[in-house]
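The residues making up each chain are set out below.
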Amino acid sequence: MILSLIWLAFVVIALIFSLYTGTEAAVGAAALEGAGAAVEFLLAVGGIICLWCAVMELMRCCGIADVLARALRPALRRLFPGASEDREIMQALSANVSANLLGLGNAATPMGIQAARGMARLGESGIASDELCRLVVLNTASIQLLPTTIAAIRAAEGADTPFDILPAVWISSAVSVIVGLAAARLMEKRK
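Keep in mind that what you see is a predicted model, and the values were worked out from it rather than measured. (Residues numbered from 1 in each chain as written. Predicted model: local features only at pLDDT ≥ 70, side-chain atom pairs only at ≥ 80, totals over all residues. Heavy atoms only, no water.)

### Re the overall build of the protein
Threshold: The way it works is that DSSP assigns letters per residue, a run of H or I at least four long becomes a helix, a run of E at least two long becomes a strand, and they are numbered from the N terminus. Relative accessibility decides the category of a residue: with a 1.4 Å probe and only protein chains considered, values under 20% of the type maximum give buried, values over 50% give exposed, and everything between is partly exposed. The contact definition used throughout considers only heavy atoms, calling two residues in contact when any of these lie within 4.5 Å. Using a 1.4 Å probe, the Shrake-Rupley method yields the accessible areas, and only the shown protein chains count as cover for residues. Only four residue types enter the charge count, namely Lys and Arg as positive and Asp and Glu as negative; His and the chain termini do not. A single reference atom marks each charge: NZ on Lys, CZ on Arg, CG on Asp, CD on Glu.
Counting its regular elements, the protein contains 8 helices and 0 strands. Reading the protein from its N terminus to its C terminus gives the helix and strand order α-α-α-α-α-α-α-α. Projected onto its principal axes, the C-alpha coordinates of the protein cover approximately 65 × 40 × 30 Å. Counting the 191 residues in the protein, one finds 30% classified as buried. Taking the contacts inside the protein whose residues are at least 6 apart along the sequence as the reference set, 66% of them involve residues at least 24 apart. On the protein, roughly 12,200 Å² of surface is accessible, and the fraction owed to carbon and sulfur atoms is 70%. Put simply, the protein has 14 plus and 15 minus side-chain charges, and the middle of one group is 14 Å from the middle of the other.

Here you go:
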């Protein structure tokens, strides 16, 4: 709601300023050009995201996603000991982290929500547990081995090698997860 009001304020200020300076025709032309560019961008990125979501679905159907999820379970059990006792939550957690590793945040979101709902069911009503907070941190920072969405955006913008950012993504995402989880642990101890 507040973000909508902020955007509305930006538009109103731009319109008032264009009327004041006499550049309303240029503002109108720029708005139309921007809208067209946005649609082109969304179609290009949307197609690539659909491709990678289909790859994730194929991995799920072939059992590759389950193998990756099983490989992640020991680490997830250490991070989420309370939730590890619930098979459904662990499946959602494993699938969520697997999708994030592949850079498919949009595919990971429903699984993350499912895991969060399960964790909320286990905890006190209306209070986020430490494990739920860790899940939010893990999803926000998310280590990405293959940043498909960023590569899709880079490809749509004309990058010759959209995956040349891999080392920087690996380092920055690993550091953000480590720092985020360390901060979450520190906050748990402060209670």
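### Quick word on the packing of helix 5 (residues 105-122) against helix 6 (residues 130-141)
We apply this condition: Helix axes use the C-alpha atoms of the stretch in contact, all axes being lines fitted to C-alpha atoms, and the angles between their N-to-C directions lie in the range 0 to 180 degrees. Roughly parallel means an angle under 35 degrees; roughly antiparallel, over 145; roughly perpendicular, 65 to 115; everything else is oblique. Handedness of a crossing follows from how the near helix is turned relative to the far one, being left-handed for an anticlockwise turn of less than a right angle and right-handed for a clockwise one.
Close contact between helix 5 and helix 6 brings their axes to 9 Å; oriented N to C, the two are set at 170°. Taken as axis vectors, helix 5 and helix 6 run roughly antiparallel relative to one another. Considering how the two elements wind past one another, helix 5 and helix 6 form a crossing that is left-handed. Facing Gly112, Ala115, Ala116 and Met119 of helix 5, the residues of helix 6 in contact are Glu131, Leu132 and Leu135.

### Structural notes on the state of the cysteines
Quick note on the threshold: Note on terminology: disulfide denotes any pair of cysteine sulfur atoms within 2.5 Å.
What the rule picks out here adds up to 0 disulfides. Looking at Cys62, it has no disulfide partner, and the nearest cysteine sulfur is the one in Cys61, 6.7 Å off.

### Here we look at helix 6
How we decide: Expected span of a helix: the number of residues minus one, times 1.5 Å.
Relative to the 16 Å expected for 12 residues at 1.5 Å per residue, helix 6 spans 16 Å between its end C-alpha atoms, a close match to the ideal helical length. Among the residues of helix 6, Glu131, Leu132, Arg134, Leu135, Leu138 and Ala141 are the ones counted as buried.

### Considering the nonpolar core
Note the threshold: The criterion is simple. A nonpolar core is a set of buried Ala, Val, Leu, Ile, Met, Phe, Trp, Tyr and Cys residues joined through side-chain atoms within 4.5 Å.
Residues Leu76, Phe80, Leu93, Met119, Leu135 and Leu138 are the most contacted members of the largest nonpolar core, which totals 19 residues. In terms of residue count, helix 4 (residues 87-101) provides more of this core than any other element does, 6 residues in total. Filtering out sequence-adjacent residues up to four positions away, Leu138 remains in contact with Leu76, Leu79, Phe80, Val97, Val177 and Leu181. In this structure, Ala95, Leu104, Ala108 and Met111 belong to the second largest nonpolar core, which totals 9 residues.

### Quick word on the environment of Ile171
Summarising the element assignment, Ile171 is placed in helix 8 (residues 166-190). For the pair formed by Ile171 and Thr161, sequence separation is 10 residues and the distance between their alpha carbons is 19 Å.

### A closer look at a nonpolar patch on the surface
The following threshold applies: Residues forming no salt bridge and having over 30% relative accessible area are the ones grouped into patches, like charges within 9 Å of each other and nonpolar side chains (Val, Leu, Ile, Met, Phe, Trp, Tyr) within 5 Å. The term salt bridge refers to a side-chain nitrogen of Lys or Arg lying within 4 Å of a carboxyl oxygen of Asp or Glu.
Together, Met1, Leu5, Leu8, Val12 and Ile16 give the surface a local cluster of nonpolar side chains, amounting to about 530 Å² of exposed area. Structurally, Ile16 can be placed in helix 1 (residues 2-21). Classification of Ile16 as exposed rests on a relative accessible area of 52%.

### Structural notes on the pattern of salt bridges
Tallied over the full model, the rule gives 4 salt bridges. The salt bridge involving Arg121 is made with Asp86; its shortest N-O contact spans 3.8 Å. Residue Arg121 is located in helix 5, and its partner Asp86 is located in the loop between helix 3 (64-79) and helix 4; the two are separated by 35 residues in the primary sequence. Taking relative accessible area as the criterion, Arg121 reaches 56% and is therefore assigned exposed. What you see here is one network of salt bridges that share partners, running through Arg134, Arg185 and Glu188.

### Description of the environment of Val169
Its location among the elements puts Val169 in helix 8. Classification of Val169 as buried rests on a relative accessible area of 14%. With 131 residues separating them along the chain, Val169 and Ala38 place their C-alpha atoms 25 Å apart.

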